[in-house]
Each structure stands twice: as C-alpha cells, then as structure tokens.
Amino acid sequence: MEAPTKEREGMADQAAIRRPRGRPKTVSDDERRAEIVTEARATFYELGYGGTTMDLIAARCRISKQTLYRLFPSKTDLFMAIIADHRASMLALPRDINENLPLDEALEQIFMIDIDEAKEREREAFIHLAISESQQFPEVAALMHTYGAKQSQQMLADWLSLQQQRGLIEIADVASGARMLMGMIFSAMISKPGHPNDWPDRETRLRHLRQCIAIFVAGVQRRTNGR
C-alpha cells in the first residue's frame, strides 16, 4: 500500500503546483491614488480640512498608513491632488495643439459650460469647501491660489498665447485676457456659499455664458483690412 500512497502524494504535489494561489488582484499605484482621492474628497466634504486626518483616510480606504504615506506624503499633498482633480472639472485644458475649432466652440468646451447637473453639484461642493476652509486655514488658501486659480489661469493664458501665435486672435496681455475670461465665466457659473443661484433656469444661464464668450471672442478676434 506504500507505493499507491506515494503516488497519490506525488499527484497532490503536482496539482498544488498547477493550482492558482488565489492572490488578490494587484492594484496599480495610479488606480490606488484615484481611489484615495475619491475617498479623501468625500471625507473633506464631511469633516472639513481640519477634521480630516491621514489615519482616518487610510482606515476608510482600507489600506495601511505606509501605503498612504508612500503615495501621498502629507495631507497637503493629498489636498493638492484633489485640487488638481477639481481643476480638470473646471477647465478642459490642455488641448490638442492641432485642434481646429472656432474660438467660441473651443471656449465652450474648455469651460465645460453645459456639464450635467451631477458634475455641476460636485464642482460647486468643492468650491464651497475651498472657500469655507480657506477662511480658517491659511495653508488651504495658499494651495487653492497656487495650484488652483493660478495654474488654471496660466493654462488658459498658454492656450490664448497659442491662438495668438496661430494668428487667430490679437491680445496685448494674454494673462490679463485669461483672468478676464475666467472672471466672466466663473462668476456666472458658480454660486458662492450663502448666495442663492439667481438664474431662473439652466438654459438662461447657458445663454448668458455663451454671450460672455461671444463678447470676449469679438474683442480679441484678429481684424483684417485694418479694421
């Protein structure tokens, strides 16, 4: 009976070699970062900047603190990532350098003036969070200025500069033009905390935003024949 037993043991060993070990699916760092940013954003909304800790984020993401700190060395770095994620919901930049849309259509796409209501609510929620937390935490105000408004303005100025190089617009100061355009669009697009949205409906606001873009384009469009 000894030989059959050894034979069975050998077959079991071979089956164990062939059998998958059932290791959990490997998650890439990029996927993990995206998951952390999503969970962190919800936590910041719930508890504010001051009430959110890295330990809590790690616990809610069900990851070790070592993993969290490897991907985001500090709460500041994590909030910067959320700002970058938010910036992408405000401006669709950079663009394909070979894009050949009319200026008004390109600007409508850049500012995403007709996004759906869910994305619009998400966008406003972060702006309200940033405004309220900036009043309490100077570091939040500094982050929002440096990595939010300032970078957004620079990206838009770079795009305007490219249009000028292509001979499509004439503008003396692209940085000033970018700031002017962002002021017109965002003041109509975003309601501040404590200030009700005074647009009767989304369509009325959309018409206003398109008129803002049309006025800007008319002002910077390159003149021909000395006009």
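Residues numbered from 1 in each chain as written. Predicted model: local features only at pLDDT ≥ 70, side-chain atom pairs only at ≥ 80, totals over all residues. Heavy atoms only, no water.

Undergrad: Even after reading the chapter, I still don't get the packing of aromatic side chains, so can you show me in this structure?
TA: The relation between two aromatic rings is expressed through the spacing of the ring centres and the mutual angle of the planes. Applying the stated criterion across every chain, the model contains six aromatic pairs. Summarising the aromatic geometry, the rings of Phe44 and Tyr49 are spaced 5.8 Å apart at their centres and angled 10° between planes, so their arrangement reads as stacked. Like Tyr49, Phe44 is buried. On the basis of an interplanar angle of 70° and a centroid distance of 5.5 Å, the ring pair of Phe111 and Phe186 is categorised as edge-to-face. Pair noted here: Phe111 is in helix H6 (residues 103–111) and Phe186 is in helix H9 (residues 174–189), with a separation of 75 residues, a long-range link. Phe111 sits in the buried class, given a relative accessible area of 0%. Residue class for Phe186 comes out buried when judged on its relative accessible area of 16%. Among the aromatic residues, ring-to-ring pairing joins Phe44, Tyr49, Phe79, Phe126 and Phe137 into one connected group. Stacked on the ring of Tyr49, the Lys or Arg Lys75 has its end atom at 4.2 Å from the ring centre. (Phe/Tyr/Trp six-rings, centres within 6.5 Å; stacked < 30°, edge-to-face > 60°. Buried < 20%, exposed > 50% of the residue type's maximum accessible area, 1.4 Å probe, protein only. Helix = DSSP H or I, 4+ residues; strand = E, 2+ residues; numbered from the N terminus. Lys NZ or Arg CZ within 6 Å of the ring centre and 35° of its normal.)

Undergrad: Please clarify how the side chain of Gln163 should be interpreted in this entry.
TA: Within the element layout of this structure, Gln163 appears in helix H8 (residues 138–165). A distance of 3.2 Å separates polar atoms of two side chains, one belonging to Gln163 and the other to Arg166. Those residues in contact with Gln163 that lie beyond four places of it in its chain are Leu103, Leu168 and Ile169. (Polar contact = N/O pair within 3.5 Å; in protein donor to acceptor, adjacent residues only side chain to side chain. Contact = heavy atoms within 4.5 Å.)

Undergrad: Quick question: what am I supposed to make of the packing of H6 against H8 here?
TA: Helix packing geometry: the angle between the two helix axes and the distance between the axes. At their nearest, the axes of H6 and H8 sit 13 Å apart, and the two run at 165° to each other. Relative to H8, the element H6 is oriented roughly antiparallel. Between H6 and H8 lies a crossing of right-handed hand. Residue-level contacts link Leu103, Ala106, Leu107, Ile110 and Phe111 of H6 to Leu156, Trp159 and Gln163 of H8. (Axes fitted to C-alpha atoms, helices over the stretch in contact; angles between N-to-C directions. Parallel < 35°, antiparallel > 145°, perpendicular 65-115°, else oblique. Left-handed = near helix turned anticlockwise from the far one by under 90°.)

Undergrad: Even after reading the chapter, I still don't get the layout of surface pockets, so can you show me in this structure?
TA: It is the rolling of a water-molecule-sized probe over the atoms that shows where space remains empty. Taken as a whole, the largest pocket spans an internal volume of roughly 890 Å³. What lines the largest pocket is a set of 32 residues, and nearest its centre among them are Met90, Ile127, Ala149, Phe186 and Ile190. Those elements giving two or more residues to the lining of the largest pocket turn out to be helix H5 (75–90), helix H7 (117–136), H8 and H9. Each residue belonging to the lining of the largest pocket can be placed in one class, and the counts come to 15 nonpolar, 11 polar and six charged. (1 Å grid on protein atoms, 1.4 Å probe; cavity = no way out; pocket = protein on both sides within 12 Å on 5 of 7 lines; lining within 4 Å. Points joined across faces, edges and corners; volume = space filled by probe spheres on them. Nonpolar A, V, L, I, M, F, W, Y, C, P; charged D, E, K, R; others polar.)

Undergrad: Teacher, can you tell me more about the pattern of salt bridges here?
TA: Once the charged atoms of two side chains with opposite charge are near each other, the side chains can pair. Scanning all chains against the criterion turns up 12 salt bridges. Among the salt bridges present, the one from Arg222 reaches Glu170, with a minimum N-O distance of 4.0 Å. A residue pair is termed long-range when its members are at least 10 positions apart, and Arg222 in the segment after helix H10 (202–220) and Glu170 in the loop between H8 and H9 qualify at 52 residues. Here the residues in one salt-bridge network are Arg41, Asp85 and Glu122, joined through shared partners. (Salt bridge = Lys/Arg side-chain N within 4 Å of Asp/Glu carboxyl O.)

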